[in-house]
Amino acid sequence: MSSLLYLPALLRQLAPQAKIAVLTYDSTHCSEDLLGIDDPDERARIVIGGVEGGKYWRDELKRPAPPTDVAAMEADVAACIARLRASHPEIAAILFECAGFPIVAPAIRRIVKLPVYDIAGFCRMAMASLA
């Protein structure tokens, strides 16, 4: 299960000119084929960004990895979103591809004032549909 399964539904919910920022741990490993979006017009509405090079990224590469620095993750994610929004002001929603990011979702919602979606919310929705 991946939060990327949200993409088709999110694209349809937003205005046609709006974009979605997909945030990942390392954007160099999030290729277009993983998005599952074939329509070039819809694909153009997706902006991919990663936190590579940030403190959280560097910490996760260490062996053993130190305890997660939530404040560093929040700062890295917020900085990535700020960079993406500077280049793409049409961004109207954020989708966390990284399964580690849901812990900072509430803070990021407050900071960026945009809807933030992640795998935790996707799993809650899937489980609720089974009841």
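Refer to the structure above for everything that follows.
Residues numbered from 1 in each chain as written. Predicted model: local features only at pLDDT ≥ 70, side-chain atom pairs only at ≥ 80, totals over all residues. Heavy atoms only, no water.

Q: Please clarify how the side chain of D26 should be interpreted in this entry.
A: Structurally, the position occupied by D26 is in the loop between β1 (19-24) and α2 (32-35). No salt bridge is formed by the buried D26. Its closest oppositely charged neighbour is R83, at 11 Å. Engagement of the side chain of D26 in a polar contact is seen with the side chain of T28, the distance being 2.5 Å. Separated by 3.4 Å, the side chains of D26 and W57 make a polar contact. Once residues within four sequence positions are removed from consideration, D26 is found in contact with E52 and W57. (Helix = DSSP H or I, 4+ residues; strand = E, 2+ residues; numbered from the N terminus. Buried < 20%, exposed > 50% of the residue type's maximum accessible area, 1.4 Å probe, protein only. Lys, Arg positive; Asp, Glu negative; His and termini not counted. Salt bridge = Lys/Arg side-chain N within 4 Å of Asp/Glu carboxyl O. Polar contact = N/O pair within 3.5 Å; in protein donor to acceptor, adjacent residues only side chain to side chain. Contact = heavy atoms within 4.5 Å.)

Q: Explain helix α7 (residues 119-128) here, please?
A: Because each turn of an α-helix spans 3.6 residues, side chains separated by three or four positions in sequence point in the same direction. The set of residues buried in α7 consists of I119, G121 and F122. One side of α7 holds all its buried residues, which, seen down the axis, span an arc of 160°. Set apart from the buried face of α7 by more than 90 degrees, the exposed residues are R124, M127 and A128. Check the buried side of α7 and you find it contacts β3 (91-96). Backbone nitrogen of A120 and a side-chain oxygen of the N-cap are separated by 2.9 Å at the start of α7; the cap is D118. (Arc of directions from axis to C-beta.)

Q: Where do I start with the sheet that holds strand β4 (residues 116-117) in this structure?
A: Consider a sheet: its strands pair through backbone hydrogen bonds, and that pairing is either parallel or antiparallel. The strand order β2-β1-β3-β4 describes an open sheet built from four strands, whose pairing is parallel. The open sheet has two edge strands, β2 (46-50) and β4, and neither has a second partner. Helix α5 (residues 70-87) contacts β1, β2 and β3 of the sheet and is inclined by roughly 140° relative to β2. (Pairing = 2+ DSSP bridges. Axes fitted to C-alpha atoms, helices over the stretch in contact; angles between N-to-C directions.)

Q: Would you mind going over the nonpolar core with me for this structure?
A: Side chains that are nonpolar tend, in soluble globular proteins, to be buried together. If you look at the biggest cluster of nonpolar residues, it comprises 22 residues, and the most contacted ones within it are L23, V77, I94, F96, F101 and I108. At the level of elements, β1, α5, β3 and α6 (105-112) are the ones that each hand at least two residues to this core. It is α5 that contributes the most residues to this core, six residues altogether. Residues within four places of F96 in sequence aside, it is in contact with S3, L23, V77, F101, P102, V104, A105, I108, V116, Y117, D118 and I119. If you look at the next biggest cluster of nonpolar residues, it comprises 17 residues, including L7, A18, A93 and F122. (Core = buried A, V, L, I, M, F, W, Y, C linked by side-chain atoms within 4.5 Å.)

Q: I keep staring at the pairing of β3 and nothing clicks. Help me out?
A: In the case of a regular strand, side chains alternate between the two sheet surfaces. A large share of β3 lies buried, amounting to five of its six residues. As paired elements, β1 and β3 share five bridges and run parallel to each other. Bridge pairing in β3 places K19 opposite I91. In the sheet, β3 pairs with β4 via two bridges, with the strands oriented parallel.

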